[in-house]
Amino acid sequence: MALHITAAPDDPDLLDLPWSLPLEEWPAKSLVALPRGISRHIVRFVRLGGRVYAVKEVPASLAEREYRLLRDLSRLDVPTVEAVGVITGRTDDHDQPLEAALVTRHLEFSLPYRALFSRTLRPHTVSRLLDALAVLLVQLHLVGFSWGDCSLSNTLFRRDAGAFAAYLVDAETGELHSRLSDGQRAYDLELARVNIGGEMLDLQAGGLLDDEADPIETAEQICHRYERLWGELTRPDVIEAGERHVVDARLRRLNDLGFDVAELTITAVGGGRRVKVAPKVVDAGHHSRRLLRLTGLDAEENQARRLLNDIDYFRASLGAARTDEEEVAQRWVSEMFEPVIRTIPRDLRRKLEAAQIYHEVLEHRWYLSEHAGHDVGLDVATRSYIDNVLAFKPDEEAILGARLGPASTELSYLGDTAEQDVVAPGG
C-alpha cells in the first residue's frame with residue numbers, strides 16, 4: 001500500500017517524517033516540546049523548515065473529512081486551525097497498516113484552556129474566555145457550521161488586548177450546511193453547556209478553579225452570552241419611518257462587536273408608517289480588516305480596535321488638515337508603532353505578539369501618566385514597560401506550563417493555497 005500525502009505545495013518536507021512508526025513511538029529528535037490540551041487521539045508537534053506542525057493520528061476517513069472541513073472553514077474566514085495535509089496508506093516496517101494522520105500548522109501564541117488554568121484564574125478571566133468561545137460559536141453558526149462538540153478542550157485562545165480570541169481546533173464531529181435551524185443551534189449550545197460544565201468540575205477537583213466560581217453557573221454563562229450576541233446580530237428591528245438614527249445605532253453596535261453588515265433588508269409594516277429592518281451580518285473581523293487595509297498589520301479584533309483608536313488619536317494630534325486616513329495610518333506605523341517594536345530587545349520580542357506588546361505599552365503609558373499627573377510620553381512608557389513589565393514576563397510557551405493533560409491539537413489559521421497529491425510508491 002503506497003504512502004499518500006495530500007498537502008499544500010509549500011509543505012513538501014512532510015515526506016521526511018517517520019511515517020512508518022506509530023505516532024507515540026516517534027523519536028524525540030523529530031518532536032517539539034509544546035503544551036497540549038486534552039484529546040481522544042494521539043497528537044505530536046514537529047518542526048519542519050522553521051515551522052511547527054501538529055500531527056494527529058486518526059482513521060483515514062476522519063482525517064480526510066476533517067481536513068476538508070477545516071479548509072472550507074478557513075475559506076469562510078472563520079477563526080480555525082489551518083489544515084496542512086493528510087497522510088494515508090501508512091504501514092510499519094512489517095507492512096502492518098497504521099492509522100492515517102492529519103497535519104495542521106501550530107497557531108503561534110495560542111493557549112489551550114488547561115494552560116490558562118495551570119494557575120487559578122479570577123472569575124473575570126473565566127468570563128472573558130467564555131465571551132471568546134461564545135463569539136466563535138456564533139461565527140460558526142452564521143456560516144452554517146454545526147460543531148457537534150463545542151468545548152474549551154476543542155478551542156485555542158490567543159491574547160487579544162484585554163480579552164481573548166478563540167479558534168476552533170477540532171472539527172472532527174462538525175457538519176457544514178447552507179444554514180442552521182434553530183434546533184441545530186440549540187443542540188450545539190446545549191452540548192457546549194454540558195461539556196463546559198464537565199470541564200469546570202474537573203478544574204474544581206484539581207483545585208484550579210477560583211473558590212467563588214460555581215462550575216454549573218459558569219457553564220450556564222455560555223448560553224446567556226451566546227443568546228445575547230446572536231440576538232444582536234440577527235434580530236429584525238421594527239421602527240417608525242424616519243428613525244434613521246436607530247438603524248445607525250444598531251450598525252455601530254454590530255461594528256463594535258467586530259461584525260460587518262453586508263446589506264439591510266427593509267420591509268414596510270403597518271401601511272408604511274413603520275419599517276422592519278433586518279441586517280445581513282457577515283463574518284467577524286471588522287476592525288482587524290480595517291487595520292490590515294490601512295497599515296498591513298495583522299492583529300486580533302480587540303488589538304485592532306485599540307490600535308485604530310491610537311491611530312485616531314494620532315490623527316487628531318496632527319491637526320484638522322491631515323484628513324487622508326491611509327496617509328495618517330502609514331505615518332502612525334513609521335512614527336509610533338515601529339519605533340516601539342524596534343526598542344524591544346530582540347531576546348524579548350518572542351514573549352508576545354507585536355500588536356499585543358504595543359497595546360500593553362499603551363496601557364502602561366496610561367498607568368504611569370495617572371500616577372505622574374501628566375502624560376509621560378510613549379518613549380518613557382516603552383522603556384519603563386521593557387524594564388519593569390516585559391522583562392519579567394515568561395515566554396507565552398512558558399506561561400502555558402507543563403501541567404497539561406494528554407495531547408490535543410494546537411494549530412493555525414488560514415490559507416487558500418492549492419493542494420497537491422504526493423505518492424511515495426511502496427510506503
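Residues numbered from 1 in each chain as written. Predicted model: local features only at pLDDT ≥ 70, side-chain atom pairs only at ≥ 80, totals over all residues. Heavy atoms only, no water.

Engineer: Quick question: what am I supposed to make of the overall build of the protein here?
Structural biologist: When helices and strands are tallied, the protein shows 12 helices and 14 strands. Of all 427 residues assigned to the protein, the portion counted as buried reaches 51%. For the protein, restricting intrachain contacts to residue pairs at least 6 apart in sequence, the fraction spanning at least 24 positions comes to 67%. Summed over its atoms, the accessible surface of the protein is roughly 20,200 Å², and 50% of this surface lies on carbon and sulfur atoms. (Helix = DSSP H or I, 4+ residues; strand = E, 2+ residues; numbered from the N terminus. Buried < 20%, exposed > 50% of the residue type's maximum accessible area, 1.4 Å probe, protein only. Contact = heavy atoms within 4.5 Å. Areas by Shrake-Rupley, 256 points an atom, 1.4 Å probe, with all protein chains shown as cover.)

Engineer: Looking at this structure, I do not really get the sheet that holds strand 8 (residues 155-160). What am I missing?
Structural biologist: Hydrogen bonding along the main chain pairs the strands of a sheet, whether they run parallel or antiparallel. Taken in spatial order, the three strands of this open sheet run 6-8-9, and their pairing is antiparallel. Of all strands in the sheet, those bounded by a partner on one side alone are strand 6 (110-112) and strand 9 (163-168). On average, each strand axis in the sheet is tilted by 40 degrees relative to the strand beside it, whichever way the strands run. Pairing of strand 8 with strand 9 involves six bridges; the strand directions are antiparallel. The residue of strand 9 that forms the bridge with Asp-160 is Ala-163. (Pairing = 2+ DSSP bridges. Axes fitted to C-alpha atoms, helices over the stretch in contact; angles between N-to-C directions.)

Engineer: Looking at this model, I keep getting lost on the nonpolar core. Mind explaining?
Structural biologist: Nonpolar side chains in soluble globular proteins tend to be buried together. One finds Phe-117, Trp-147, Phe-157 and Leu-168 to be the most contacted residues of the largest nonpolar core, which totals 57 residues. Top contributing element to this core by residue count: helix 3 (residues 123-142), with 10 residues. Residues within four places of Leu-168 in sequence aside, it is in contact with Leu-70, Leu-73, Pro-79, Thr-80, Val-81, Leu-136, Leu-140, Phe-145, Trp-147 and Asn-154. (Core = buried A, V, L, I, M, F, W, Y, C linked by side-chain atoms within 4.5 Å.)

Engineer: In this structure, what is going on with helix 5 (residues 215-234)? I would like to understand it.
Structural biologist: Spacing of three or four residues puts side chains on the same side of an α-helix, whose turn is 3.6 residues. Between its first and last C-alpha atoms helix 5 spans 30 Å; for 20 residues at 1.5 Å apiece the expected length is 28 Å, and the two agree. All of the buried residues along helix 5 are Pro-215, Thr-218, Ala-219, Ile-222, Cys-223, Arg-225, Tyr-226, Leu-229, Trp-230, Glu-232 and Leu-233. Its side-chain oxygen at 3.0 Å from the backbone nitrogen of Ile-216, Asp-214 defines the N-terminal cap of helix 5. (Expected span 1.5 Å × (residues − 1). Polar contact = N/O pair within 3.5 Å; in protein donor to acceptor, adjacent residues only side chain to side chain.)

Engineer: Hey, could you run me through the side chain of Glu-232 in this one?
Structural biologist: Locating Glu-232 in the fold gives a position in helix 5. Glu-232 sits in the buried class, given a relative accessible area of 15%.

Engineer: What exactly am I supposed to notice about the pattern of salt bridges here?
Structural biologist: For side chains of opposite charge, pairing can occur when their charged atoms come near one another. A full pass over the atoms with the stated rule returns 23 salt bridges. Two residues, Arg-158 and Glu-300, come together in a salt bridge whose shortest N-O distance is 3.6 Å. In this pair, Arg-158 is assigned in strand 8 and Glu-300 in the loop between helix 7 (286-295) and helix 8 (301-318), connecting sequence segments 142 residues apart. Neither residue differs from the other here; Arg-158 and Glu-300 are each classed as buried. Members of the salt-bridge network, linked through shared partners, are Lys-56, Glu-66, Asp-170 and Glu-172. (Salt bridge = Lys/Arg side-chain N within 4 Å of Asp/Glu carboxyl O.)

Engineer: Whenever I open this one, the packing of aromatic side chains confuses me. Can you help?
Structural biologist: In this description, a pair of aromatic rings is defined by centroid distance and the angle of the planes. Summed over all chains, the structure comprises six aromatic pairs. On the numbers, 5.6 Å between centres and 35 degrees between planes, the contact of Trp-332 with Phe-337 is tilted. Ring plane angle 45 degrees and centroid distance 5.3 Å describe the contact between Phe-337 and Tyr-358, whose orientation is recorded as tilted. Within this pair, whereas Phe-337 is found in helix 9 (residues 325-343), its partner Tyr-358 is found in helix 10 (residues 354-372), the two being separated by 21 residues in sequence. Exposure class is identical for Phe-337 and Tyr-358. Each is buried. The structure contains a cluster of three or more aromatic residues connected by ring pairs, namely Trp-332, Phe-337 and Tyr-358. (Phe/Tyr/Trp six-rings, centres within 6.5 Å; stacked < 30°, edge-to-face > 60°.)

Engineer: Mind showing me how you'd approach the confidence of the model for the protein here?
Structural biologist: One rule of thumb: low pLDDT means the predicted coordinates there are not for detailed reading. Taken residue by residue, the protein gives an average pLDDT of 81. The fraction at 70 or more is 81%. Highest mean pLDDT in the protein belongs to strand 7 (residues 145-146) (97); lowest belongs to strand 14 (residues 420-424) (35). pLDDT under 50 marks residues 397-427. Its contacts with residues more than four places away, or in other chains, come to 118 contacts. (pLDDT = per-residue confidence, 0-100.)

Engineer: Can you walk me through the state of the cysteines in this structure?
Structural biologist: By definition, a disulfide links the sulfur atoms of two cysteines through a covalent bond. Applying the stated criterion across every chain, the model contains zero disulfides. Note on Cys-150: no disulfide assigned, nearest cysteine sulfur contributed by Cys-223 at a separation of 9.9 Å. By relative accessible area, which is 0% here, Cys-150 ends up buried. Given a relative accessible area of 14%, Cys-223 falls into the buried group. (Disulfide = S-S within 2.5 Å.)

Engineer: What's the story with the packing of helix 4 (residues 182-205) against helix 5 in this structure? I'm lost.
Structural biologist: Helix-helix packing: each pair is described by the crossing angle between the helix axes and the interaxial distance. At their nearest, the axes of helix 4 and helix 5 sit 7 Å apart, and the two run at 150 degrees to each other. Taken together, helix 4 and helix 5 sit at an angle that is classed as roughly antiparallel. When you trace helix 4 past helix 5, the crossing you get is right-handed. Together, Arg-185, Leu-189, Arg-193, Ile-196, Gly-197, Met-200, Leu-201 and Gln-204 of helix 4 and Pro-215, Ile-216, Thr-218, Ala-219, Glu-220, Ile-222, Cys-223, Tyr-226, Glu-227 and Trp-230 of helix 5 make up the contact between the two elements. Along the lines of polarity and charge, the residues of the contact of helix 4 with helix 5 split into 11 nonpolar, three polar and four charged. (Parallel < 35°, antiparallel > 145°, perpendicular 65-115°, else oblique. Left-handed = near helix turned anticlockwise from the far one by under 90°. Nonpolar A, V, L, I, M, F, W, Y, C, P; charged D, E, K, R; others polar.)

Engineer: Quick question: what am I supposed to make of the packing of helix 8 against helix 10 here?
Structural biologist: Contact geometry for helix 8 and helix 10: axes closest at 10 Å, N-to-C directions at 55 degrees. As judged from the angle between their axes, helix 8 and helix 10 are oblique. The element helix 8 and its partner helix 10 pack so that their crossing is left-handed. Each of Gln-303, Arg-306, Leu-307 and Asp-310 in helix 8 lies in contact with helix 10, whose residues at this interface are Ala-355, Gln-356, Tyr-358, His-359, Leu-362 and Glu-363. Across the contact of helix 8 with helix 10, the residue classes break down as four nonpolar, three polar and three charged.

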